[in-house]
Amino acid sequence: MIATPSLDRDALRRKSAPLLLCERARRAPDSIAFRSKHLGLYRERSWRSYAALVARAARAFAALGLRGGDRVAIVGDACEEWMICDLAAQSLGAIVYGIYPTASASEIEYQMRDGGAVLFIAENQEYVDKILPFADDLHELKWIVVLDDSAMFAYEHRKLRTYQALLAAAGEPDLAWLEQRVARLGPDAPAFIVYTSGTTGQPKGALVTHGKHLAASANIVDHYPTLAQRTHRTVGYLPLCHVLGRDVAVTLPLISRLVPHFGEHPEDLATTLFETAPTILVTVPRYLQKFASQVLLGILNSGSIKRRAAHLAIGFARGHARRRWSDRAGFAHDAFYRACRAGVFMPILNKLGFDRLELVLCAGAPLPPETMAFWQMLGVNVVEMYGQTETAGGIICGQRGPFPRPGDVGTMPAGWEVKLASDGEVLVKSPDLFESYWNNAEATRAIKGADGWLRTGDVGEWHTGALRLVDRARDFIVTSGGKTISPSFIENILRTSPYVAEAIVFGHGRKYLTALIEIEADTVSDWARSHDVPHTGFTSLATSADVVRLIGAEIERANGELSRVEQIKDFRILPKALDPEEEGEPVTPTRKVKRHLMYERFKTLVEGMYDDREQRLIAASTVESI
């Protein structure tokens, strides 16, 4: 299938993000570029001041000797300094890459060696402490710059510098100077590297050029034109080392009318959402699931009258959502639904800061249909997008809405081609894909064919003109009975439970399926308190017989939506929460599960769910016959 192009992106292919920044600073100097919270107050940054800050940081980095082609690594949470340093380094022709804030010391060391960064920018002391033990062994590394040095006392290292000291020495910002430096950038030159999650090995660095990134990201604006039609508030909280986080915080504001807002601390996301009341939110499934759990738990803990009213309203909204998907909603149904939304749902949404939302774009991982349906029942227009790191900031497909039926990832944007290979693998063609994997020509050849088609590794199918994802090509489970099963389909259903944070299904070559369950600690803890179940922490919850029965009931509920061969026959609760920051943990910084490592780590739990007496009997008989 081929979408008819409706937007000429040739102009963007001839530019860079720093050049667009300079153009906005000249064209609309007093318009708001973004807002960020400092010491309890939101500070507005105009395009003029944004460009001035980038110019000053670029001067400071130039004074350190940063040159074109050098690599710069940044680690920290989403904040204005991250964006400023990123664009400043790009302005000098450097190649930037981010490292996940949750990365372990060994993961940081790997990416520093692989990327060969000469400059390491750390948000605060936490990340300085992670790199200092091996900083002297990184021969390419010349400088470590810390943005917030408030907690650093008596730190001495020959490579260490503070951001504020560098800025003070750089002098006054100069937009004309920045424009001169930016004019030297070639649109085909490398802009940044984005490291993949690394679920099957070490992460690979996808190299992206200036012009292609801008043109690729523009397909999001083209697909969702409201981004350019009027000013929208959003929240910047996704890691900026992820291509989706970069889109939201850095790129889309340059090519649309999206205004990002940054909270003071990432753990204060709920507060930031409430304070800013975004009109557009770009998110990943994990957050929508977590907030849905909070809503459901709040309803369960409310008074009997409110609880009954909420259950009645949700029951009606469930039917209303189905009628809306089928275009069968009549005037009377619409009127009653509006009453439910005004009287029951809006107060709930207001507490979350979701009451002004016009559009929620969810990407990064499969969104469970039940989670999507729940938010649509509350009146939140959630749509699903599908893209990859290798699509350089663009999307492969996206649901248009409003309120689309869950279960697919929509249609392709203008100018992109999508088709299915003979085995169902999704193939993509566009002039605006990533260039290559850094230092890995073999991996590049494996994904970018000579025919120009990008191999996504995802298996899909067409459904009424929209793309439906089935699973990762390598993740299918084939049972001993020869049944081919998609574990992610089952896992998504399991994750719809407010008490389940993560679910990992096993059963390849086995007679039946089993699952490892990570409990949602906060929700299960609240349930335990309300049911007088004693507990002292995560481990006591995970081993509680009452909690095991609770999760067992959730498993049975999920099994009711599955065919017999897909049903979970046994499960175990993980004894600890999965922590991406822990060395050797079987989960990536984006909380994608490393399935093989998960099995190796919890092999005893998995094997304990299988009765192998029959297999041992066959093995014994075979030995005797030999």
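Values in this document were obtained by computation on a predicted structure and should not be read as measured data.

Okay, the overall build of the chain next. What the chain contains, in helices and strands, is 24 helices and 25 strands. A globule of 626 residues ought to have a C-alpha radius of gyration of about 25 Å, and the chain, at 25 Å, matches this closely. A principal-axis box enclosing the C-alpha atoms of the chain has dimensions of 75 × 75 × 55 Å. When contacts within the chain are restricted to residue pairs at least 6 apart in sequence, those whose partners lie at least 24 apart make up 66%.

Formed by 133 residues in total, the largest nonpolar core has its most connected members in Tyr-50, Phe-61 and Trp-375. Ranked by residues supplied to this core, first place goes to helix α3 (residues 47-63) with nine residues. Not counting residues up to four positions away in its chain, the partners in contact with Tyr-50 are Leu-21, Ala-33, Phe-34, Met-83, Ile-84 and Leu-87. By size, the runner-up hydrophobic cluster in this structure holds 29 residues, among which are Tyr-499, Val-524, Leu-550 and Ile-555.

Following the sequence through the fold, Val-344 ends up in helix α15 (residues 331-352). C-alpha separation for the pair Val-344 and Leu-378, spaced 34 residues apart in sequence, amounts to 8.9 Å. The contacts of Val-344, once residues within four sequence positions are left out, are Ala-309, Ala-310 and Ala-313.

Bringing the side chain of Glu-80 into the picture now. Within the secondary structure, Glu-80 is located in helix α4 (residues 80-91). In this structure the side chain of Glu-80 is engaged in a polar contact, spanning 3.1 Å, whose partner is the side chain of His-38. The contacts of Glu-80, once residues within four sequence positions are left out, are Phe-34, Ser-36, His-38, Arg-43, Arg-45 and Leu-53.

To continue, consider the pattern of salt bridges. Summed over the entire model, instances satisfying the criterion amount to 28 salt bridges. A salt bridge links Glu-491 to Arg-495; the nearest nitrogen and oxygen atoms lie 3.6 Å apart. Of this pair, Glu-491 and Arg-495 both sit in helix α18 (residues 487-495), four residues apart, which is roughly one turn of the helix. You'll find Glu-491 and Arg-495 in the same group, each marked buried. When salt bridges that share partners are traced, they join Glu-491, Arg-495, Glu-502 and Arg-595 into one network.

Taking strand neighbours across the sheet as the criterion, the four strands line up as β12-β13-β14-β15 in an open arrangement whose pairing is mixed. Strands with a single pairing partner mark the edges of an open sheet, and in this sheet they are β12 (280-283) and β15 (397-398). Relative to β15, strand β14 (residues 382-386) is paired through two bridges, and the arrangement is antiparallel. Its bridge partner being in β15, Tyr-386 is matched across the sheet by Cys-397.

The volume enclosed by the second largest pocket comes to roughly 630 Å³. At the level of elements, α13 (285-300), α14 (304-325), α16 (369-377) and α21 (545-559) are the ones that each hand at least two residues to the lining of the second largest pocket. Here the element with the most residues in the lining of the second largest pocket is α13; it accounts for six residues. Considering only residue class, the lining of the second largest pocket consists of eleven nonpolar, six polar and seven charged.

Bringing the sheet that holds strand β25 (residues 568-573) into the picture now. With mixed pairing, the three strands of this open sheet are ordered in space as β23-β24-β25. The sheet terminates laterally at β23 (500-506) and β25, the two strands that pair on one side only. Taken over all neighbouring pairs, the strand axes of this sheet differ in orientation by 25° on average, direction set aside. Most of the contacts of α18 go to β23, to which it runs at about 155°, and overall it touches β23, β24 (513-519) and β25.

Another aspect to go through is the packing of α3 against helix α7 (residues 163-170). Where α3 meets α7, the closest approach of the two axes is 8 Å, and the angle between their N-to-C directions is 95°. As summarised for this structure, α3 and α7 are arranged roughly perpendicular, according to the angle between their axes. Where α3 abuts α7, its residues Arg-56, Ala-57, Arg-59, Ala-60 and Phe-61 lie against Tyr-163, Leu-166, Leu-167, Ala-168 and Ala-170.

Mapped onto the secondary structure, Ser-16 falls in the loop between α1 (10-13) and α2 (17-27). A residue is classified by how much of its surface remains accessible, and Ser-16, at 4% relative accessible area, is buried. In this structure the C-alpha to C-alpha distance between Ser-16 and Thr-196, which are 180 residues apart in sequence, comes to 23 Å. When near neighbours in sequence (up to four residues on either side) are disregarded, Ser-16 contacts Val-182, Leu-185, His-210 and Leu-214.

What follows covers α4. An α-helix turns once per 3.6 residues; consequently, residues spaced three or four apart project the same way. Between its first and last C-alpha, α4 extends 17 Å over twelve residues, near the 16 Å set by a 1.5 Å rise per residue. A large share of α4 lies buried, amounting to eleven of its twelve residues. Taken residue by residue, α4 has Glu-80, Trp-82, Met-83, Ile-84, Cys-85, Asp-86, Leu-87, Ala-88, Ala-89, Gln-90 and Ser-91 as its buried positions.

Attention now moves to the confidence of the model for the chain. When pLDDT is averaged along the chain, the result is 90, and 94% of the positions lie at 70 or above. Note that residues 1-7 has pLDDT below 50 and, in this model, 21 contacts with residues that lie over four places away or in other chains. Below a pLDDT of 50 lies the segment residues 613-626, which in the model reaches one contact outside its immediate sequence neighbourhood of four places, other chains included.

Time to look at the packing of aromatic side chains. Applying the stated criterion across every chain yields a total of 13 aromatic pairs. Arranged with centres 4.6 Å apart and planes meeting at 80°, the rings of Phe-316 and Phe-336 form a pair that is edge-to-face. Of this pair, Phe-316 sits in helix α14 while Phe-336 sits in helix α15; the two residues are 20 residues apart in sequence, bridging distant segments of the chain. Put simply, the rings of Phe-34, Trp-47, Tyr-50 and Phe-262 touch in pairs and so form one group of aromatic residues. In this arrangement the basic side chain of Arg-246 is found over the ring face of Phe-192, its NZ or CZ atom lying 4.0 Å from the centre.

As a further point, take unusual backbone geometry. Cis geometry marks the peptide bond from Gly-401 to Pro-402; its omega dihedral reads 0°. Relative to the elements of secondary structure, Pro-402 occurs in the loop between β15 and β16 (417-420). Positive phi values are uncommon outside glycine, yet Phe-403 reaches one of about 50°. Structurally, Phe-403 can be placed in the loop between β15 and β16. For Phe-403, a relative accessible area of 19% puts it in the buried group. In this structure, Asp-532 is a non-glycine residue whose phi angle is positive, near 55°. On the secondary structure map, Asp-532 appears in the loop between α19 (521-530) and α20 (538-542).

Rules of the game
- Here, residues in each chain are numbered from 1, in the same order as that chain's written sequence.
- With pLDDT at 70 or above as the cut-off, local features in this predicted model cover only qualifying residues; side-chain atom pairs require 80 or more to be listed or tallied, and sums for whole chains, interfaces and linings still use all residues.
- Side-chain measures here rest on the full set of heavy atoms in the structure, leaving out hydrogens and waters.
- Put simply, DSSP marks the helices as runs of H or I at least four residues long and the strands as runs of E at least two long, and each gets a number from the N terminus on.
- The reference for a compact globule is 2.2 Å times residues^0.38; the radius of gyration itself is calculated from the C-alpha atoms.
- What makes two residues a contact is simply this: any of their non-hydrogen atoms within 4.5 Å.
- By convention a nonpolar core is built from buried Ala, Val, Leu, Ile, Met, Phe, Trp, Tyr and Cys residues, the set being connected through side-chain atoms within 4.5 Å.
- Each residue's exposure class comes from its accessible area (1.4 Å probe, protein chains only) as a fraction of the maximum for that residue type: buried when under 20%, exposed when over 50%, partly exposed otherwise.
- Definition of a polar contact: a pair of N or O atoms within 3.5 Å, with one able to donate and the other able to accept a hydrogen when the atoms are protein atoms, and with sequence-neighbouring residues admitted only if both atoms are side-chain atoms.
- Salt bridge, as used here: a side-chain nitrogen of Lys or Arg that lies within 4 Å of a carboxyl oxygen of Asp or Glu.
- At least two DSSP bridges between two strands are needed for those strands to be called paired.
- Grid spacing is 1 Å over the protein atoms alone, the probe is 1.4 Å, and a cavity is where that probe fits but cannot get out, while a pocket is an open set with protein on both sides within 12 Å along at least five of seven lines and lining residues have an atom within 4 Å of a point.
- Grid points are joined across faces, edges and corners, and a volume is the space filled by probe spheres set on the points.
- All residues other than Ala, Val, Leu, Ile, Met, Phe, Trp, Tyr, Cys, Pro, Asp, Glu, Lys and Arg, Gly among them, are scored as polar; the first ten of these are nonpolar and the last four charged.
- For every element, the axis is a line fit to its C-alpha atoms; helices are fit only across the contacting stretch, and the angle between N-to-C directions ranges from 0 to 180 degrees.
- Between 65 and 115 degrees an angle is taken as roughly perpendicular, under 35 as roughly parallel, over 145 as roughly antiparallel, and anywhere else as oblique.
- In this scheme, a helix's expected span is set at 1.5 Å multiplied by one less than its residue total.
- Every residue is assigned a pLDDT by the predictor, reflecting its confidence on a scale from 0 to 100.
- Here is the rule: rings of Phe, Tyr and Trp (six-membered ring for Trp) pair when centre to centre is within 6.5 Å. Planes less than 30 degrees apart are stacked, more than 60 are edge-to-face, and the remainder are tilted.
- Remark: a charge is flagged as sitting over a ring if the NZ atom of Lys or the CZ atom of Arg is within 6 Å of the ring centre and within 35 degrees of the ring normal.

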